[in-house]
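Letter by letter, the chains look like this.
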Amino acid sequence: MANEKILIIDDDDDVAYAMRLPLQAAGYVVYRGASSEEGLRMVKQVNPDLIILDVMMDTTTAGFQVSLTLRNSSASSEYAAYRYVPILMLTAIHKTTPLRFGPNEEYLPVNAFLEKPIQPEALLEQVRKHLEEKPV
Amino acid sequence: MVSSTAWLISIRWWAGLGVLALTWLATMVLAINLPALPLYGIGLAILAYNAVFEVMRRRLLAEGLPHAWAFGQMTRLQIALDYVAMAALIHFSGGLESPATIYFIFHIIIAGTLLSPRATYLYTTLAVGLVGTTAALEYFGLWPHVRVPELANSGLYQKPLYALGNLFFFATALYVTAYLVATLNVRLRKRAAEVIELSERLRRAYSRLQTLYENAQAANSTLELAKVLDRFVQSTARAMGVRACSICLLDETGTRLNLGAAFGLSERYMSKGDLILEANPLAREVMAGRTIITADARTASDLQYPADAVAEGICSMLSAPMRGKEKPFGLLRAYSTERNHFSQEDAEFLAAIATQGSIAIENAMAFQALSQLNEGKSKFVLTVTHELRSPVGVIRSLLRTMLSGYTGPLADQQRDMVERALHRTDALQNLIDDLLDLAAGKSELGIPEERVKVRLDQAVEYVVKQFQIPAQEKQIRLEWHCEPANRSLLISATHEGIERVLGNLVSNAVKYTRPEGCVQLRLRRTDSEIYLQVSDTGIGIPEEAVPHICEEFYRAPNAKAIEKEGTGLGLAIVKNLVEHWGGRITVESKLGQGTTFTLIFPTVRD
């Protein structure tokens, strides 16, 4: 179970730090990409077992773009190999923000949402759950 | 003409009967040697053609629209026949020697009363001609003279001087009568026309007063600037009875007027451009406070867009200043498709309309400025709270990570401090969330969700279920009733919003009600509204606090004593949302006994 690779794609150092500590304590190897581009590059480099993805980075929907790129259904996509990597999406989107999404396979292919602020226990539980469910 | 025809006919009955009666009197009683037969014949003929005219008159009337022209012709024909009858009467009663000649004066008066002066003189000439011809025929022996020795010296008709003299006085009497009647009649008719004109002017003045009043009502019925302007130009065009009306408002620079609203003008004309004071002498004059009549747009030299006006079919214009408290702020203009349409009276009327409308428009402009300011404030709060939200979230994440021991074990005091810090940031987070809700609700940016039809009874049931556990923990009875309603309880709102509204009200009620108390929700509907009451048996709101209870950041002192923390924004959000959906909220409370909030929503159809 340990030594599984987790990639955090988040532009906020502090949030990344707050997540890194409990994940490392639980024995995971944690990588981080500080932007959508760096994140996508890291996916290919690291081949993570699970991705934690922030919604709002350089643009309000950057996280959505990353998840759509990774889950692109075409077999010729350069990310085709990473299609089934579970994605946990971090949201702090308040209900009155114009953009509202719920997990929906069709439009937003992510496995679960994590609400900010991070609750370390809840984070670890979600990570464990989705690593176990990960299709082989 | 219709009534005068009837009048003429009614007189003629008497004339005909008079001829018959006089003939009888003269021949039978006075034994005057008159040709009775022809005279009776004339009397009967008069009665006969009068009967024909009466039948014609009735028929024309029965046809519905009485034809003025037909009645005119009839009158002329009647008078002509009367003249012929009169001439015959004169002939058979002694020609020039007959005392009946004087009766022609009646006919002249009748013609003068009913017909134009020209026609009167024409008929006078006809009368003189008829009598003159009769006299001439008798003189030359072409028509046998009827001798009436009892009445006149026989043979006088053969004395040329007598005949000519008699004829001369007869003619002059008739002409003078014709002149007098015609002149008097012209004066009378002029007077009558003046009375008609005067009453028409009075009617117009009344209708203008009425429209002025309606204008004021239309303009004052709303505070929305665009609507005020629209209604104002529309009702002004109606009041002035013209095709189009527009209002131009001075911009911030004070150098140009741009179109505020228009009625009855084409898209093309409206987009012709702003009125630039420097290039528009007329607009300059108006902005200096004068009302200007442009009698003919084609020849006016003080217009900025004369060609456009001509192309639009505008021939004359009337422009009046809209005056604010300090200086003119706009130009009101009426457009007519006729040249020289506007009188000085119109100018005064438009100026009055402008003065009156200015107040309503200035109010609306002030209201718009305030609304924009308020909107700006809400946007500012929205932006700031968005910016605050993220770092507060990060601080909470970091503190929680530390509290969970991932940074190493914490000493008791350290743990206590981190917990306190986390507690305060949690409160801060709540405040920010409430502020966001409030600002979003007030700003056009916010509440992005489309309103939908929400079943209020379902929403109440859902929220009541959510609060059952906290209520039970405090041993508070939480229940809801819905008055038997087979009618729909649909309102226009958002699901999330209504949950927030109900959640806020119920959580307050539970929070400020002592154990063993009771919180009740009641739903009922009337034809047009749905009432939701949330009542508790709680601590109540002090009387002086009731008016402020829905104000932002306001918390009643007794509520603060019970619950230290609280943003004071919950009820402001509730009020804001309810009003946003077209509803309203009222509060009743008695200190120490309880509080009832009543939400009133307009119903919506299925």
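Only a predicted model underlies this, so the values are computations on that prediction, with no experimental measurement involved.

Asks: Would you explain the layout of surface pockets in this entry?
Replies: Over the atoms rolls a probe the size of a water molecule, and in doing so it shows where empty space is left. All names here are of chain B. As a volume, the largest pocket reaches approximately 1000 Å³. Taken together, 43 residues form the lining of the largest pocket, with Asn 508, Lys 511, Tyr 512, Gly 566 and Thr 567 sitting closest to its centre. Only α12 (412-442), α15 (495-511), β11 (529-536), α16 (557-562), α17 (570-580) and β13 (594-602) provide two or more residues apiece to the lining of the largest pocket. Looking at the lining of the largest pocket, its residues break down into 15 nonpolar, 14 polar and 14 charged.

Asks: Which parts of the structure should I look at to understand the pairing of β13(B)?
Replies: For a regular strand, side-chain orientation follows a simple rule: the groups alternate between the two sheet faces. Residue and element names in this part refer to chain B. For β13, the buried fraction is high: eight of the nine residues fall into the buried class. Summarising the sheet, β11 and β13 pair through eight bridges and their orientation is antiparallel. Directly across from Ile 530, in β13, lies its bridge partner Phe 601. Where strand β12 (residues 584-590) meets β13, seven bridges bridge the pair, whose relative direction is antiparallel. By the bridge assignment for β13, Thr 586 is matched with Thr 598. As consecutive antiparallel partners, β12 and β13 are separated by three residues, and within that stretch Gly 592 has a phi angle of approximately 80 degrees, a positive value.

Asks: I'm lost on empty space enclosed by the protein in this one. Help?
Replies: Residues and elements named next belong to chain B. Applying the stated criterion to the full structure yields two cavities of 30 Å³ or more. Of the pockets and cavities examined, the second largest cavity occupies roughly 50 Å³. Along the walls of the second largest cavity sit Tyr 269, Lys 272, Leu 275, Asn 280, Leu 303, Gln 304, Tyr 305, Met 317 and Arg 333, which together make up its complete lining. The class makeup of the residues in the lining of the second largest cavity is five nonpolar, two polar and two charged.

Asks: When you look at the sheet that holds β11(B) in this model, what are you seeing that I'm missing?
Replies: Residues and elements named next belong to chain B. Strand order in this open sheet of five strands is β8-β10-β11-β13-β12, and the pairing throughout is mixed. Because the sheet does not close on itself, it has two edges, and the strands there are β8 (477-482) and β12. Averaged over all neighbouring strand pairs, the angle between strand axes comes to 10 degrees, with direction disregarded. Alignment of β8 against strand β10 (residues 518-525), held across six bridges, turns out to be parallel. By the bridge assignment for β10, His 481 is matched with Arg 522. On the sheet, α15 packs against β8, β10, β11 and β13 and is oriented at approximately 165 degrees with respect to β13.

Asks: Hey, could you run me through the pattern of salt bridges in this one?
Replies: Opposite charge on two side chains allows them to pair when their charged atoms are near. Residues and elements named next belong to chain B. Following the criterion strictly, the structure yields 22 salt bridges over all chains and no others. A salt bridge links Asp 457 to Arg 455; the nearest nitrogen and oxygen atoms lie 2.9 Å apart. A single network of salt bridges, built from pairs that share partners, joins Glu 54, Arg 57 and Arg 58.

Asks: Sorry, what's going on with the pairing of strand β2 (residues 29-33) of chain A here?
Replies: Residues and elements named next belong to chain A. Where strand β1 (residues 5-9) lies against β2, five bridges are found, and the strand directions are parallel. When the sheet's bridge partners are listed, Lys 5 is paired in β2 with Val 29. Between the parallel pair β1 and β2, the chain is carried across by helix α1 (residues 13-25), and the sense of this crossover is right-handed.

Asks: I'm lost on helix α7 (residues 225-240) of chain B in this one. Help?
Replies: Residues spaced three or four apart along an α-helix point in a common direction, a consequence of the helix completing one turn every 3.6 residues. Residue and element names in this part refer to chain B. Spanning 16 residues, α7 covers 22 Å between terminal C-alpha atoms, matching the ideal 22 Å at 1.5 Å per step. Turning to α7, its buried residues are Leu 225, Val 228, Leu 229, Phe 232, Val 233, Ser 235, Thr 236, Ala 237, Ala 239 and Met 240. Buried residues in α7 make contact with α6 (160-220), β1 (244-250), β2 (256-263), β5 (316-323), β6 (328-336) and α11 (344-403). Just past α7, the residue Gly 241 takes up positive phi, approximately 65 degrees.

Asks: How do you make sense of the domain arrangement of chain B when you look at a structure like this?
Replies: For chain B, the domain assignment lists domain 1 (2-195), domain 2 (219-362), domain 3 (373-442) and domain 4 (452-602). Put simply, the middle of domain 2 of chain B and the middle of domain 4 of chain B, counted by C-alpha atoms, are 52 Å apart.

Asks: How do you make sense of a nonpolar patch on the surface when you look at a structure like this?
Replies: Residues and elements named next belong to chain B. Among the surface-exposed residues, Leu 22, Trp 24, Leu 25, Met 28, Val 29, Leu 30, Ile 102, Tyr 103 and Phe 106 lie close enough to one another that they form a single nonpolar patch of about 940 Å² accessible area. No other element matches the five residues that helix α1 (residues 2-29) contributes to the nonpolar patch. Note on placement: Ile 102 falls in the loop between α3 (68-92) and α4 (104-114).

Asks: Looking at this structure, how should I read the environment of B:Thr120?
Replies: All names here are of chain B. Mapped onto the secondary structure, Thr 120 falls in helix α5 (residues 117-139). On the basis of relative accessible area, Thr 120 is assigned to the buried category, the value being 1%. When the C-alpha positions of Thr 120 and Arg 400 are compared, they lie 117 Å apart, and in sequence the two are 280 residues distant. Residue contacts for Thr 120: discarding those within four places in its chain leaves Ile 108, Ala 111, Gly 112, Leu 115 and Ala 178.

Asks: I tried to follow the packing of α6(B) against α7(B) on my own but got confused; where do I start?
Replies: Packed helices, taken two at a time, are described by the angle their axes make and the gap between the axes. Residue and element names in this part refer to chain B. Packing of α6 against α7 leaves a shortest axis separation of 9 Å and a crossing angle of 170 degrees. Accordingly, the angle class assigned to the pair α6 and α7 is roughly antiparallel. Contacts between α6 and α7 involve Arg 208, Thr 211, Glu 214, Asn 215, Ala 218 and Ala 219 on the former and, on the latter, Val 228, Arg 231, Phe 232, Ser 235, Thr 236, Arg 238 and Ala 239. For the contact of α6 with α7, the per-class residue count stands at five nonpolar, four polar and four charged.

Asks: What's the story with α4(B) in this structure? I'm lost.
Replies: Considered for burial, the residues of α4(B) that qualify are B:Phe104, B:His107, B:Ile108, B:Ile110, B:Ala111, B:Gly112 and B:Leu114. Against α1, α3, α5 and α6 of chain B lie the buried residues of α4(B).

Asks: What exactly am I supposed to notice about the packing of α4(B) against α6(B) here?
Replies: All names here are of chain B. Axis separation between α4 and α6 bottoms out at 8 Å; the angle between their running directions is 25 degrees. Between α4 and α6, the crossing angle belongs to the class labelled roughly parallel. Judged by the twist between their axes, the crossing of α4 over α6 is right-handed. Two secondary-structure elements touch here, α4 through Phe 104, Ile 105, Ile 108, Ile 109, Gly 112, Thr 113 and Leu 114 and α6 through Phe 170, Ala 173, Leu 174, Thr 177, Ala 178, Val 181, Asn 185 and Arg 189.

About the criteria used
Residues numbered from 1 in each chain as written. Chains lettered and ligands numbered in written order. Predicted model: local features only at pLDDT ≥ 70, side-chain atom pairs only at ≥ 80, totals over all residues. Heavy atoms only, no water. 1 Å grid on protein atoms, 1.4 Å probe; cavity = no way out; pocket = protein on both sides within 12 Å on 5 of 7 lines; lining within 4 Å. Points joined across faces, edges and corners; volume = space filled by probe spheres on them. Helix = DSSP H or I, 4+ residues; strand = E, 2+ residues; numbered from the N terminus. Nonpolar A, V, L, I, M, F, W, Y, C, P; charged D, E, K, R; others polar. Buried < 20%, exposed > 50% of the residue type's maximum accessible area, 1.4 Å probe, protein only. Pairing = 2+ DSSP bridges. Axes fitted to C-alpha atoms, helices over the stretch in contact; angles between N-to-C directions. Contact = heavy atoms within 4.5 Å. Salt bridge = Lys/Arg side-chain N within 4 Å of Asp/Glu carboxyl O. Right-handed = clockwise from strand over helix to strand, strands pointing away. Expected span 1.5 Å × (residues − 1). Domains from an automatic or database assignment. Patch = residues over 30% accessible without salt bridge, like charges linked within 9 Å, V, L, I, M, F, W, Y side chains within 5 Å. Areas by Shrake-Rupley, 256 points an atom, 1.4 Å probe, with all protein chains shown as cover. Parallel < 35°, antiparallel > 145°, perpendicular 65-115°, else oblique. Left-handed = near helix turned anticlockwise from the far one by under 90°.

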